[in-house]
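One letter stands for each residue in the lines below.
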Amino acid sequence: MKESEDIGKPESQNFIEQAIEKDLNEGRNGKRVHTRFPPEPNGYLHIGHAKAICLDFGMAENYGGKCNLRFDDTNPTKEDVEYVDSIKEDIRWLGFTWEDREFYASDYFGRLWEFAVSLIKRGLAYVDDQSADTISEQKGTTTQPGLSSPFRDRSIEENLDLFFRMNEGEFAEGSRVLRAKIDMASPNMHMRDPIIYRILKTPHHRTAAKWKVYPMYDFAHGQSDYFEGITHSLCTLEFEVHRPLYDWFIDQLKTDDYRPRQIEFNRLNLTYTVMSKRKLLELVKDGVVKGWDDPRMPTLCGLRRRGYTPESIKRFVDLIGYTKVEAINDVSLLEYAIREDLNKRAPRVFGVLKPLRVIITNFPEGVSEEMEIDNNPEDESQGKRIVPFSREIYIEQDDFSENPPNKFFRLAPGREVRLKGAYIISCTDLVKNSEGEITEVHCTYDPETKSGGPQADRRVKGTLHWVSAAHALNAEVRLYDRLFSDEDPSGHKDTDAREFLNPDSLTVIKDCKVEPSLVDAGPLTRVQFQRVGYFCVDYDSRPGMLVFNRTVGLKDTWARLNK
RNA sequence: UGCUCCGUAGUGUAAUUGGCAACACGCCUGACUCUGGAUCAGGAAAGUCUAGGUUCGAGCCCUAGCGGAGCAACCA
């Protein structure tokens, strides 16, 4: 009864979907939905961008519309083709496509110029000869109105002449700007005669030295939306106060009923994470991390290298939703999303991080036995793999204790444990070196207890993972912890991100041993080392040495074993 | 002391637009037992920032207050 009611019940909508459907119902813009993702190519995409990408492309998908990729490249001093390429790669990796709709704000420099000229001719824009400081002073404050520039009422002819000469390169950077003539007393600071063009002589990565003046964001964004036929321009909350200006320019530009509409949503904030592109760039430049794709970085390429899947990121974005509340999302939710995904798709394999040699004294020398083990006990379709077993194996150092404390249910002298997928073994002896360190443990095995064998059901205290010494592959494992810790930098907007660095954010463990089935594992192969966590093969693995990045650890693994 | 936006379990989101405050993560119990912290079962936790008002009925509408965020780059 209740279930049948639920079936017809529509999924709850977020406020953006509601706004879009309202527009659709009212027949606006020919009932089209057309969005755009507009990154500035001045850095690598991070997970915050993923939230915007999922929205922009997702809304288009939901409503049978399109989503353009548009590079907001109006500031040649900060932008570079390196970033253009990485941005495209990351969007594709997330699984979205812009087909042939790859645009650049710089594609519209000509039309924006024409529009600016038109504003001048209509008396709605003027060239200001004052310095940045003076203009800033005249702007007033949030509580006091601004003052008019002495150049505000320059003649149209003079404005035109100056604007053209600005673009000829006749004037120095910073010497003149073009401003829209709106309202110096507006309570909205952005409406107080905003600067719309400035002189920049740095060559542009696409238009080279063609232009000497470049439009500001506010003068490029809405118009670019208009030129592309965008219906819903989704951006983050901090642009809310820009909306009146966005609309003002559209009003001056539009020639028919079509008009794009800006809707703002909350930016992604993650605990223990810095999301500012500027600060991430500093970390890269200062060598705090090894690059934009350092697995500790919140960049998409960093997360990818760490082993995150696109699905898990989309799932996470889905979980946190879109609102107008400035929320701080807990990274544990992101970790949940990747565990949930990897639990289903990552095969279980044996990896011993800190090996301890175990000799099974009653097992024949020079013989190896093939154990057939499920790749994923929860998913039979992932099949089984062969893991060789032999007289000498490695187990985890932590899985042996000479003088076991209470509730230690793993291997200890005189005790029995099960080797996952193989036999029950019993510890008979141990060997120490001159420093008193345990170097070898001797055990006997019970042939009747092989997995599936007659005695396999026997209850033992614990189950251990293992790797046959003769067959083991050498590996190096990098455990990544949070780059920032203790004091949470996500709430500190203006402080130096480096103050919050966690000195233990990277731990490298060498001399690890992993099972031979991984011999051909290529970069980004994701596995679960049983009882340890999820790992992913790194790009710089080399023959004879597999390198793994830890994606995310299993939580408190020993606790259950010791229960 | 201006303008704009926002206040719902610890966190993030819902609430069929005025009708029994729900879901997820996290946390706690229990079950399962070659290990997955998966799966299953259960539990604690908000009475919706505050005070008024309208109404049979308010998280939702109105008023005032409190609290938080954004805005004064020739950045986006």
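Conventions and cut-offs
Residues numbered from 1 in each chain as written. Chains lettered and ligands numbered in written order. Predicted model: local features only at pLDDT ≥ 70, side-chain atom pairs only at ≥ 80, totals over all residues. Heavy atoms only, no water. Helix = DSSP H or I, 4+ residues; strand = E, 2+ residues; numbered from the N terminus. Buried < 20%, exposed > 50% of the residue type's maximum accessible area, 1.4 Å probe, protein only. Lys, Arg positive; Asp, Glu negative; His and termini not counted. Salt bridge = Lys/Arg side-chain N within 4 Å of Asp/Glu carboxyl O. Contact = heavy atoms within 4.5 Å. Patch = residues over 30% accessible without salt bridge, like charges linked within 9 Å, V, L, I, M, F, W, Y side chains within 5 Å. Areas by Shrake-Rupley, 256 points an atom, 1.4 Å probe, with all protein chains shown as cover. Pairing = 2+ DSSP bridges. Axes fitted to C-alpha atoms, helices over the stretch in contact; angles between N-to-C directions. Parallel < 35°, antiparallel > 145°, perpendicular 65-115°, else oblique. Left-handed = near helix turned anticlockwise from the far one by under 90°. Nonpolar A, V, L, I, M, F, W, Y, C, P; charged D, E, K, R; others polar. pLDDT = per-residue confidence, 0-100. Near = heavy atom within 4 Å. Polar contact = N/O pair within 3.5 Å; in protein donor to acceptor, adjacent residues only side chain to side chain. Arc of directions from axis to C-beta.

Visitor: In this structure, what is going on with the side chain of Lys-51? I would like to understand it.
Guide: With respect to the element layout, Lys-51 can be found in helix 3 (residues 47-62). Buried charge without a salt bridge: Lys-51, with Glu-326 as the nearest opposite-charge side chain at an N-O distance of 10 Å. Setting aside residues up to four positions removed in sequence, Lys-51 forms contacts with Phe-265, Asn-266, Arg-267, Leu-268, Val-317, Ile-320, Gly-321 and Tyr-322.

Visitor: Would you take a moment to explain a nonpolar patch on the surface for this structure?
Guide: A cluster of nonpolar side chains, Leu-319, Leu-333 and Tyr-336, forms an exposed patch at the surface whose accessible area comes to about 230 Å². Classification of Tyr-336 as partly exposed rests on a relative accessible area of 37%.

Visitor: Would you mind going over the pairing of strand 23 (residues 526-529) with me for this structure?
Guide: Across a regular strand the side chains alternate sides, sitting on one face of the sheet and then on the other. Burial along strand 23 is two-sided: the face carrying Arg-526 and Gln-528 and the face carrying Val-527 and Phe-529 are both buried. The pairing of strand 10 (residues 348-349) with strand 23 spans two bridges and is classified as parallel. Counterpart to Val-349 in the pairing with strand 23 is Phe-529. Bridging between strand 23 and strand 24 (residues 533-537) involves four bridges; their strand directions are antiparallel. Its bridge partner being in strand 24, Val-527 is matched across the sheet by Phe-535.

Visitor: Is there a simple way to think about the packing of helix 8 (residues 217-228) against helix 9 (residues 243-253) in this case?
Guide: Relative orientation of the contacting elements helix 8 and helix 9 amounts to 55°, with a least axis distance of 9 Å. In terms of axis orientation, helix 8 runs oblique to helix 9. Remark: the crossing between helix 8 and helix 9 carries right-handed chirality. Here helix 8 contributes Asp-218, Phe-219, His-221, Gly-222, Gln-223, Asp-225, Tyr-226 and Phe-227 to the contact with helix 9, which in turn contributes Leu-245, Tyr-246, Phe-249, Ile-250 and Leu-253. Of the residues belonging to the contact of helix 8 with helix 9, the class tally is eight nonpolar, three polar and two charged.

Visitor: Where do I start with unusual backbone geometry in this structure?
Guide: Where the residue is not glycine, phi is negative for most of them; where a peptide bond is considered, it is trans in most cases. Unlike most non-glycine residues, Tyr-272 shows phi in positive territory, near 60°. Judged by relative accessible area, which is 27%, Tyr-272 ranks as partly exposed. Phi is positive for Arg-531, close to 70°, though the residue is something other than glycine. Mapped onto the elements of the fold, Arg-531 is located in the loop between strand 23 and strand 24. A relative accessible area of 14% means that Arg-531 is categorised as buried.

Visitor: Hey, could you run me through the confidence of the model for chain A in this one?
Guide: Summarising the model, chain A shows a mean pLDDT of 92, and 95% of its residues fall at 70 or more. Ignoring residues within four places in sequence, the model shows residues 1-9, a span with pLDDT below 50, making zero contacts including any to other chains. For this predicted complex, the interface score ipTM comes out at 0.95, alongside a pTM of 0.94.

Visitor: It is not clear to me how the sheet that holds strand 1 (residues 34-37) should be interpreted in this structure. Could you clarify?
Guide: Sheet strands associate in pairs through backbone hydrogen bonding, adopting either a parallel or an antiparallel arrangement. Strand order across the open sheet formed by three strands is 1-2-3, with parallel pairing between neighbours. The open sheet terminates on both sides in strands that have one partner only, identified here as strand 1 and strand 3 (102-104). Within this sheet the neighbouring strands show an average axis-to-axis angle of 35°, counted without direction. Strands strand 1, strand 2 (66-71) and strand 3 of the sheet are contacted by helix 4 (residues 81-94), whose axis makes an angle of about 155° with strand 2. Strands in contact with helix 8 are strand 1, strand 2 and strand 3; relative to strand 2, the strand with the most contacts, it is inclined by about 135°.

Visitor: Sorry if this is basic, but what is going on with the sheet that holds strand 6 (residues 195-199) here?
Guide: Pairing is antiparallel across the open sheet formed by four strands, whose spatial order is 4-5-6-7. Unpaired on one side and paired on the other, strand 4 (125-128) and strand 7 (213-215) mark the two borders of the sheet. Here the strands of the sheet are splayed against their neighbours by 25° on average, with no regard to which way each runs. As judged from the three bridges shared by strand 6 and strand 7, these two strands associate in the antiparallel manner.

Visitor: What am I meant to see in the protein's contact with RNA strand B here?
Guide: As a matter of local geometry, RNA strand B sits amid 64 residues, with Glu-326, Glu-378, Ser-451, Gln-530 and Leu-554 nearest to it. Taking the atoms of RNA strand B that fall within 4 Å of the protein, sugar and phosphate contribute 63% of them. Gly-174 places a main-chain nitrogen or oxygen 2.7 Å from a base nitrogen of RNA strand B. Put simply, the parts of the chain that give the surface near RNA strand B at least two residues each are helix 6 (132-138), strand 6, helix 12 (310-320), helix 13 (331-345) and helix 14 (557-561).

Visitor: What's the story with helix 2 (residues 15-25) in this structure? I'm lost.
Guide: For an α-helix, 3.6 residues make a turn, and residues three or four places apart therefore share a direction. Residues Ile-16, Glu-17, Ala-19, Ile-20, Asp-23 and Leu-24 constitute the buried set of helix 2. Axial view of helix 2: buried residues confined to an arc of 160°, hence all on one face. What points out from helix 2, more than 90 degrees from its buried face, is the exposed set Lys-22 and Asn-25. Where helix 2 is buried, its residues touch helix 3, strand 8 (232-236) and strand 9 (261-265). The backbone nitrogen of Ile-16 has a side-chain oxygen 2.9 Å away, supplied by the residue at the start of helix 2, namely Asn-14. Just past helix 2, the residue Gly-27 takes up positive phi, approximately 75°.

Visitor: Hey, could you run me through the environment of Tyr-197 in this one?
Guide: Mapped onto the elements, Tyr-197 comes out in strand 6. Looking at Tyr-197, the relative accessible area reads 1%, which means it is buried. It is 9.0 Å that separates the C-alpha atoms of Tyr-197 and Arg-176, two residues lying 21 residues apart in sequence. Setting aside chain neighbours within four positions, we find Tyr-197 in contact with Phe-109, Leu-112, Trp-113, Ala-116, Phe-163, Val-177, Leu-178, Val-213, Tyr-214, Pro-215, Met-216 and Phe-219. Among the polar contacts made by the side chain of Tyr-197, one reaches the main-chain amide nitrogen of Trp-113 at a distance of 3.2 Å.

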